Amino acid sequence: MQIYLPIAELSLNIFFLIGIGGAVGFLSGMFGVGGGFLLTPLLIFSGIPAPVAVASVSGQVVAASTSGALSYMRRNLIDFHLALYLVLSGVIGAFLGVYTFSALRNAGQIDLVISVGYLVFLGFIGLIMLNEAIRSLWRHKMGKDIAMKLPGQHNWVHGLPLRIRFKRSNLYVSVIPVLMIGSSIGFLGALLGIGGGFILVPALIYILRVPGSVVIGTSLVQVIAIMAASVILHAMNNYSVDVLLAFCLMVGGVVGAQFGASVGKIMRGDQLRAMLALIVLAVALRFAFLLFFTPEDIFSTSIISLSELVK
Amino acid sequence: MRVIKSIIFAFLLLGFSSSMALSQRIISALSDKEILIDQGFTGETLTIFGNIEPNIGAKKEYLVGPFSIAVIIQGPVINRVVRKKSYKFGIWLNSEQLIFEKLPSYYWLLSSEKPENFASNEILQEAGLLPIMQPFAVSTKGEGEQKIFSNELVRLMKEKGLFGINENGVKFHSNSLYSINLELPSDVPVGSFLATTYLFKGGEIIHKRSEGFSVRKTGFERLLGTSAKQSPFFYGVFTVLLALFTGWLGGVAFRR
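Owing to the predicted nature of the structure, the values given are computational and were not obtained by experimental measurement.

Residues and elements named next belong to chain B. One open sheet accounts for four strands, arranged E1-E3-E10-E9; its pairing is antiparallel. Of all strands in the sheet, those with a lone pairing partner are strand E1 (24–30) and strand E9 (170–172), marking the two edges. In this sheet, adjacent strand axes meet at a mean angle of 25 degrees when their direction is disregarded. Pairing of strand E3 (residues 44–54) with strand E10 (residues 177–184) involves eight bridges; the strand directions are antiparallel. In the sheet register, Glu44 faces E10, and the bridge partner there is Leu184.

Encoded structure:
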């Protein structure tokens, strides 16, 4: 059954849309990540214009993160004080991200930046994750079940000025790294159409030393806020949010995430991380092909609005 | 005053019919005056039926062919940019671009046979049937590049099904009755379209008729499309609320 997407101005199969929403939701539930970094590329590769894909997936990420955040909130596993700082700086980052997006789009370079951005980030994160997971799997195979070395209590970040006490996280840390992390995730999220949870969570753990119990809940709050801000900003700046497309993805994503979560409970952590790393690297590789191999067609055309002409 | 007007009108009518007395005209009708895009829209086939008839006052025996017909269908004008990738700094990136202003968003030429077979180039040029699909480029770039880019634009538009030529697109069902089937793809541009039909006989255009139709979004799709443009802030807020609600519902339905 075909469904006409009023902003993308093309029709796609509704079951395909709910299906990829569900498949990515399944993975995101299984691995505990938002899934935007998989969904945006999948939509772009299925012919949806990059601006529409980025903006609409942001809406989907809001929905996918909400059910998770609510469950963490019920269990009181969110540091709202820390989240407030992350959200405020994140929204500013999202602002910059959307404006950069518009400027790059007018210059005709948005596809390039999306490809390079995905290649660099996914490649980097994928390699780190794979390396870590393989080591862990290796240790498991050798029978030596060494506990992960806990990061030290302090590092250079904790020496910076303007320190604030975050009670829930049991932290006394400078706001500078907090705001920097918040705004860079907001910027990247708005630019690439990813929630950024898979970058934010390691950053909170390894840079700020946020305890593992509150890190996921707190990062979900920030992801919701910056993705909500990017949806509104993309809608106002680029008119590129397709609510029908976003809704199909949400429905698939929310349902898929539940099944993914139950499968995720059965599998071992290091196996999950190795699988996720391989998926992340596969997407990165797909973008590498776009950049390094001779394109099928070196010419492309797109409609531009009058307002873009004036600029 | 009224009397003078009607006398002038009568003279005009007389002059008109006497000069056209030996000719034929086309009457035609569209299967749809409006193409409505709704949720299930996957493109549509538009049919134009036409009949060649002797003009009022003409003698019946003048309806002898052979007739040839050419139809141009044009969509609303838009601005398009054409970009060219090249290999720089070790990667492929868009390096050159050219903007084409006021380009028809849709352009099809359908005819009963090769246009060159039924009229001379001068006549085809005069009617705007030649040169085929040379969009007007607005840019500071040199002629040569403009030519390359405009050729590439036409090729890309043809691949999208938005531009095209079909030399068997006009089907004659009898000496005078003909029909045209027009395929509108699912990403057909929205706006007003014009179908102009040229009737050829003996290498001359003997009649020309234009008919308009419009493509527009309807119902829910129209509501979404216009609110996204006209009140983007509320549209964005609505999307966010919808997402929060869907996420909350999912969390409640599958409480874990």
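A separate point is the sheet that holds strand E4 (residues 67–74) of chain B. Residue and element names in this part refer to chain B. In space, the six strands of this open sheet follow the order E2-E12-E11-E4-E7-E8, with mixed pairing throughout. Either end of the sheet is taken by a strand with one partner, and the two such strands are strand E2 (34–37) and strand E8 (163–166). Sheet twist, expressed as the mean angle between neighbouring strand axes with direction ignored, is 15 degrees. As defined by bridge partners, E2 adjoins strand E12 (residues 204–217) across four bridges and the pair is classed as parallel. Counted as the bridge partner of Leu36 is Arg216 from E12.

Residues in a regular strand project their side chains so that they alternate between the two faces of the sheet. Residues and elements named next belong to chain A. Pairing between strand E1 (residues 2–5) and strand E2 (residues 10–13): four bridges, direction antiparallel. Bridge pairing in E2 places Leu5 opposite Leu10. Between E1 and E2, which pair antiparallel and follow one another directly, the connecting turn spans four residues, one of which, Glu9, has a positive phi of 55 degrees.

A few words on the packing of aromatic side chains. Summed over all chains, the structure comprises 12 aromatic pairs over all chains. With a centroid separation of 5.3 Å and 45 degrees between ring planes, the pair formed by A:Phe45 and A:Phe287 is classed as tilted. Here A:Phe287 lies in helix H10 (residues 269–292) and A:Phe45 lies in helix H2 (residues 36–45), a separation of 242 residues in the sequence. A relative accessible area of 1% means that A:Phe287 is categorised as buried. Ring centres of B:Phe233 and B:Phe234 lie 5.4 Å apart, and the angle between their planes is 75 degrees; this geometry places the pair in the edge-to-face category. Given a relative accessible area of 38%, B:Phe233 falls into the partly exposed group. Among the aromatic side chains, those forming a connected cluster through ring pairs are A:Phe45, A:Tyr118 and A:Phe287.

A separate point is the side chain of A:Thr301. By the secondary structure assignment, A:Thr301 is in strand E5 (residues 299–304). The class of A:Thr301 is buried, set by a relative accessible area of 12%. Polar side-chain contacts of A:Thr301 include one of 3.1 Å to the side chain of B:Arg80. From its side chain, A:Thr301 meets the backbone oxygen of B:Val81 in a polar contact 3.1 Å long. Discounting residues that sit within four places of it in the chain, A:Thr301 has contacts with B:Arg80, B:Val81, B:Val82, B:Leu153, B:Leu156 and B:Lys160.

The next thing to look at is the packing of helix H9 (residues 243–266) of chain A against helix H6 (residues 232–253) of chain B. One can describe the packing of H9(A) onto H6(B) by two numbers: an axis separation of 10 Å at closest approach and a directional angle of 20 degrees. Regarding the angle of H9(A) to H6(B), the classification is roughly parallel. Pair H9(A) / H6(B) crosses with right-handed handedness. Within the contact between the two elements, H9(A) uses A:Val243, A:Phe247, A:Met250, A:Val254 and A:Gln258 and H6(B) uses B:Tyr235, B:Phe238, B:Thr239, B:Leu242, B:Ala243, B:Thr246, B:Gly247 and B:Gly250. Of the residues belonging to the contact of H9(A) with H6(B), the class tally is eight nonpolar, five polar and no charged.

Attention now moves to the nonpolar core. Among the nonpolar cores identified, the biggest contains 94 residues, and A:Leu5, A:Phe37, A:Leu43 and A:Ile114 are the most heavily contacted of them. Per-element tally for this core: the top contributor is helix H8 (residues 212–238) of chain A, with 11 residues. With near-sequence residues (within four places) excluded, A:Ile114 lies in contact with A:Ile44, A:Ala50, A:Val54, A:Phe101, A:Leu191, A:Leu192 and A:Phe287. By size, the runner-up hydrophobic cluster in this structure holds 51 residues, among which are B:Ile26, B:Ile123, B:Phe149 and B:Tyr178.

Let us now look at the pattern of salt bridges. Close approach of charged atoms allows side chains with opposite charge to pair. Residue and element names in this part refer to chain B. Under the definition given, this model contains seven salt bridges over all chains. When the shortest N-O distance is used, the salt bridge between Glu34 and Arg216 registers 2.9 Å. With a gap of 182 residues between them, Glu34 in strand E2 and Arg216 in strand E12 connect regions that are remote in the sequence. The class for Glu34 is partly exposed, based on a relative accessible area of 36%. With a relative accessible area of 29%, Arg216 lands in the partly exposed category. A salt bridge links Glu159 to Arg155, with the nearest nitrogen and oxygen atoms 2.9 Å apart.

What counts and how
Residues numbered from 1 in each chain as written. Chains lettered and ligands numbered in written order. Predicted model: local features only at pLDDT ≥ 70, side-chain atom pairs only at ≥ 80, totals over all residues. Heavy atoms only, no water. Pairing = 2+ DSSP bridges. Helix = DSSP H or I, 4+ residues; strand = E, 2+ residues; numbered from the N terminus. Axes fitted to C-alpha atoms, helices over the stretch in contact; angles between N-to-C directions. Phe/Tyr/Trp six-rings, centres within 6.5 Å; stacked < 30°, edge-to-face > 60°. Buried < 20%, exposed > 50% of the residue type's maximum accessible area, 1.4 Å probe, protein only. Polar contact = N/O pair within 3.5 Å; in protein donor to acceptor, adjacent residues only side chain to side chain. Contact = heavy atoms within 4.5 Å. Parallel < 35°, antiparallel > 145°, perpendicular 65-115°, else oblique. Left-handed = near helix turned anticlockwise from the far one by under 90°. Nonpolar A, V, L, I, M, F, W, Y, C, P; charged D, E, K, R; others polar. Core = buried A, V, L, I, M, F, W, Y, C linked by side-chain atoms within 4.5 Å. Salt bridge = Lys/Arg side-chain N within 4 Å of Asp/Glu carboxyl O.

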